[in-house]
Amino acid sequence: MPTSSHRTPLWLAALALAAFAVQTDDFVIIGVLAAIAEGTHVSETAAGQLVTAYSLIYALTAPVWAVALARVPRRALLVWALTVFTAANIAVLAVDGYWPLMALRVVAALAAAVVLPTALAVAGAAAPADRKGRYLAAVMTGLTGAILIGVPAGTWIGAAFGWRATFVFGGLLGAAALLLAAPSPPRESAEGASAPSRTALVRPLLNTAVAGVLAVTVLAVAGNLAFQTYISVLLSGIADVGPRLLAVLLVCAGAGGLAGTQAAGRLVDRFGASATFFTTGALFCAAMAALAGLWLLRPVPVALAAVLLVGWSAAAWAIPPTLQALMLSRTGTEAATQAMAVHSASVYVGAAAGGVAGGAALSAGAGLLPVAAAVSMALALAVCGVTGRRAAVPAQSP
């Protein structure tokens, strides 16, 4: 009996799988970018905008859905959103051309903007009082797992069966989450009948210290995504990396990212969020500078590019938990929930901006991708330094 209380419920696994599906679907295009460009008869820059559109739609609509659908029961919301998400991915089999594919990406993003916030809300509301953090962390594991496992798997599937199979893979993940979630829902909370006001949603932005963290987040994520979105193009030029080898390199990078995420928590606890962000941001810039140097020396051995890729991934994945800790340190308890919700949307704004910046850099020359990424991260470090000096730490209630 006591043991069963600590057993992970099936519905929590479903929420983690839903997060895994949504995040995989966003970034899996990275590994099949060239194939999509060829199959839809557009440039790789235009194909990369499929990632940009998904991220931008998510960022713009997630806060809107939070208000508009606040009175809909969460279980029904999750089931319908996963259904639409699954259908939008499977329907790729039936379309031909760039713009129909873009339309399906928009539909998938609209559904994802409901799935992920709802999954986090359900986990937080249904968790036992002493396990809220662990339940939320379980859902967040789905996001990390998407980069470590989902994107490499989708890249391999695309190389083996064609780029449409990559989207079908995303749809099957959504269907699996749906089948797991439907029969095993958590108990609905009776509270939640009142929708949060628009004022409550934007209140965190009125705090200049919090707005500073949001600006840093947008710049840092934009720098990372400017590089990550077009990583296949850069690696192809540096070391003649094809789709199958790219999948292997993404797995290696994922291992580095996992190590970076775990190290970030310990570093934040020991040295503080600001110091950890400056350290990881500097390491990110160093990795980008080295990759820009490799472009000038191309072709180079794959092993050399792989080492820098792991270093980049470790630094890049250490940054999100560091910025979340920085956000919480500047909000205090009163506005923490709203601030973190807006912070999540700012990540997608940064991802969309990164796709645009990366596309512009790619048009000028693939060797400029790491340069654009480093400049954006350097700006994030500068903004953090300026706002950090001005930010007053909010008083905590005893």
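If you're wondering where the values come from, they're calculated on a predicted model, not measured in any experiment.

*Asks:* Any details on the packing of aromatic side chains? Residues and values, ideally.
*Replies:* Per the stated rule, a full pass over the model turns up five aromatic pairs. Summarising the aromatic geometry, the rings of W156 and F161 are spaced 6.2 Å apart at their centres and angled 80° between planes, so their arrangement reads as edge-to-face. A relative accessible area of 43% places W156 in the partly exposed class. With a centroid separation of 6.1 Å and 55° between ring planes, the pair formed by F277 and F278 is classed as tilted. Overall, F277 belongs to the buried group, its relative accessible area being 0%. Across from the ring centre of W295, 4.1 Å away, lies the NZ or CZ of R298, which sits over that ring.

*Asks:* Describe the packing of helix α11 (residues 231-239) against helix α13 (residues 273-297), and please don't skip the residues or the numbers.
*Replies:* When two helices pack together, their arrangement is given by the angle between the helix axes and by the axis-to-axis distance. One way to put it is that α11 packs onto α13 with a least axis distance of 8 Å and a crossing angle of 45°. One element, α11, and the other, α13, form an angle in the oblique class. Of the two possible hands of crossing, α11 and α13 adopt the one that is left-handed. Two secondary-structure elements touch here, α11 through L234, G237 and I238 and α13 through L291, L294 and W295. Its residues assigned to classes, the contact of α11 with α13 shows five nonpolar, one polar and no charged.

*Asks:* I'd like to hear about a nonpolar patch on the surface, residue by residue, with values.
*Replies:* Taken together, the side chains of L368, V371, V375 and L379 define a hydrophobic patch exposed on the protein surface, amounting to about 320 Å² of accessible area. If you trace the backbone, L379 turns up in helix α16 (residues 369-390).

*Asks:* I'd like a description of the side chain of T24, backed by residues and values.
*Replies:* By the secondary structure assignment, T24 is in helix α2 (residues 10-27). The exposure class of T24 is buried, given its relative accessible area of 1%.

*Asks:* Got a sec to walk through the environment of A146? Specific residues and values, please.
*Replies:* Residue placement: A146 occurs in helix α7 (residues 132-161). A residue is classified by how much of its surface remains accessible, and A146, at 0% relative accessible area, is buried. A C-alpha to C-alpha distance of 8.6 Å links A146 and D25, two positions 121 residues apart in sequence. When near neighbours in sequence (up to four residues on either side) are disregarded, A146 contacts F20, Q23, T24, V151 and P152.

*Asks:* Pulling in residues and values, what's your account of the environment of A47?
*Replies:* Positionally, A47 belongs in helix α4 (residues 44-68). Ignoring any residue separated from it by four or fewer positions in sequence, one finds A47 in contact with I29, L33, I36, A37, V42 and Y98.

*Asks:* Describe the layout of surface pockets, listing the residues and the values that go with them.
*Replies:* Looking at the second largest pocket, its volume works out to about 250 Å³. Lining the second largest pocket we find 16 residues, and of these G31, A34, A35, S232 and P243 sit closest to its centre. When contributions to the lining of the second largest pocket are tallied by element, the ones reaching two or more residues are α3 (33-40), α7, α11 and α12 (243-271). Counted by class, the lining of the second largest pocket contains nine nonpolar, six polar and one charged residues.

*Asks:* Account for the nonpolar core, with residues named and values stated.
*Replies:* Residues I36, F227, I238, F277 and W312 are the most contacted members of the largest nonpolar core, which totals 76 residues. Among the elements that take part in this core, helix α14 (residues 302-331) stands out by supplying 12 residues, more than any other. Ignoring anything within four residues of it in the chain, the contact list for I238 reads L291, L294, W295, R298, P299, V300 and A305. Core analysis: the second largest hydrophobic core is formed by 39 residues, V22, A59, I157 and L178 among them.

*Asks:* Can you break down the pattern of salt bridges residue by residue, with the values?
*Replies:* All told, the structure shown has two salt bridges when counted by the stated rule. A salt bridge links D25 to R105; its shortest N-O distance comes to 2.7 Å. Of the two residues, D25 sits in helix α2 while R105 sits in helix α6 (residues 98-126), which places them 80 residues apart along the sequence. Across the pair R164 and D96 runs a salt bridge whose closest N-O atoms are separated by 3.6 Å. One end of the pair, R164, is in helix α8 (residues 163-181); the other, D96, is in the loop between α5 (74-90) and α6, and 68 residues separate them in sequence.

Criteria and thresholds
Residues numbered from 1 in each chain as written. Predicted model: local features only at pLDDT ≥ 70, side-chain atom pairs only at ≥ 80, totals over all residues. Heavy atoms only, no water. Phe/Tyr/Trp six-rings, centres within 6.5 Å; stacked < 30°, edge-to-face > 60°. Buried < 20%, exposed > 50% of the residue type's maximum accessible area, 1.4 Å probe, protein only. Lys NZ or Arg CZ within 6 Å of the ring centre and 35° of its normal. Axes fitted to C-alpha atoms, helices over the stretch in contact; angles between N-to-C directions. Helix = DSSP H or I, 4+ residues; strand = E, 2+ residues; numbered from the N terminus. Parallel < 35°, antiparallel > 145°, perpendicular 65-115°, else oblique. Left-handed = near helix turned anticlockwise from the far one by under 90°. Contact = heavy atoms within 4.5 Å. Nonpolar A, V, L, I, M, F, W, Y, C, P; charged D, E, K, R; others polar. Patch = residues over 30% accessible without salt bridge, like charges linked within 9 Å, V, L, I, M, F, W, Y side chains within 5 Å. Areas by Shrake-Rupley, 256 points an atom, 1.4 Å probe, with all protein chains shown as cover. Salt bridge = Lys/Arg side-chain N within 4 Å of Asp/Glu carboxyl O. 1 Å grid on protein atoms, 1.4 Å probe; cavity = no way out; pocket = protein on both sides within 12 Å on 5 of 7 lines; lining within 4 Å. Points joined across faces, edges and corners; volume = space filled by probe spheres on them. Core = buried A, V, L, I, M, F, W, Y, C linked by side-chain atoms within 4.5 Å.

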